[in-house]
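Chain by chain, the residues:
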Amino acid sequence: MDHLADYFKVFSEPNRLAVLEALRPGPLNVTAVVEKTGLSQALVSKHLKLLTIAGVVQRRPEGALVFYAVIDPAVFALIAQAQKLLLAARRQQLDALAAIL
């Protein structure tokens, strides 16, 4: 369970999710991710490194550039499912609050 918890921690940072979303259409270099996310180069590099270490993203050197890509697009299905669960939980909370008021 510890490994699973560690894996989910990879997705617990909003900027990392933004980096993943930027990579959804396909491989990008750091500069392109910076442009798509509006994050600093240092922050993008940090998150790409963490995503690479976690096995979510792979890096591919191409000449002087390095391109990053999501290894398994099922990651986006996992994120979408988490969003659905979160929305359902929030609706349930609102319904419970409305019943009290």
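Residues numbered from 1 in each chain as written. Predicted model: local features only at pLDDT ≥ 70, side-chain atom pairs only at ≥ 80, totals over all residues. Heavy atoms only, no water.

Draft legend 1. Main features of the side chain of R16. Mapped onto the fold, R16 is located in helix α2 (residues 14-23). Setting aside residues no more than four positions away along its own chain, R16 makes contact with K9, V10, H47, L50 and L51. (Helix = DSSP H or I, 4+ residues; strand = E, 2+ residues; numbered from the N terminus. Contact = heavy atoms within 4.5 Å.)

Draft legend 2. Examining helix α3 (residues 30-37) more closely. Looking only at α3, the buried set comprises V30, A32 and V33. Angularly, the buried residues of α3 cover 160° about the axis, an arc narrow enough to put them on a single face. Backbone nitrogen of T31 and a side-chain oxygen of the N-cap are separated by 3.2 Å at the start of α3; the cap is N29. (Buried < 20%, exposed > 50% of the residue type's maximum accessible area, 1.4 Å probe, protein only. Arc of directions from axis to C-beta. Polar contact = N/O pair within 3.5 Å; in protein donor to acceptor, adjacent residues only side chain to side chain.)

Draft legend 3. Expanded view of α2. When α2 is considered as a whole, its buried residues turn out to be R16, V19, L20, A22 and L23. Considered in projection along α2, the buried side chains sweep an arc of 160° and stay on one side of the axis.

Draft legend 4. Main features of the packing of α2 against helix α5 (residues 74-100). Orientation of α2 relative to α5, taken along the N-to-C sense of each, is 130°, at an axis distance of 11 Å. In this view, α2 runs oblique relative to α5, as classed from their interaxial angle. In this structure, α2 meets α5 at a crossing whose hand is left-handed. Two secondary-structure elements touch here, α2 through L17, L20, E21 and L23 and α5 through V75, F76 and I79. (Axes fitted to C-alpha atoms, helices over the stretch in contact; angles between N-to-C directions. Parallel < 35°, antiparallel > 145°, perpendicular 65-115°, else oblique. Left-handed = near helix turned anticlockwise from the far one by under 90°.)

Draft legend 5. Representation of a nonpolar patch on the surface in the model. Taken together, the side chains of M1, L4, F8 and L78 present a nonpolar region at the surface, about 430 Å² in accessible area. Within the secondary structure, L78 is located in helix α5. Its relative accessible area of 31% is what places L78 among the partly exposed residues. (Patch = residues over 30% accessible without salt bridge, like charges linked within 9 Å, V, L, I, M, F, W, Y side chains within 5 Å. Areas by Shrake-Rupley, 256 points an atom, 1.4 Å probe, with all protein chains shown as cover. Salt bridge = Lys/Arg side-chain N within 4 Å of Asp/Glu carboxyl O.)

Draft legend 6. Seen up close, the pattern of salt bridges. Following the criterion strictly, the structure yields 3 salt bridges and no others. Linking E21 and R24 is a salt bridge whose minimum nitrogen-to-oxygen distance equals 3.0 Å. Classification of E21 by relative accessible area gives partly exposed; the value is 42%. Between R60 and E62 there is a salt bridge whose closest N-O contact spans 2.6 Å. Residue classification places R60 among the partly exposed positions, given a relative accessible area of 39%. The class of E62 is partly exposed, set by a relative accessible area of 42%.

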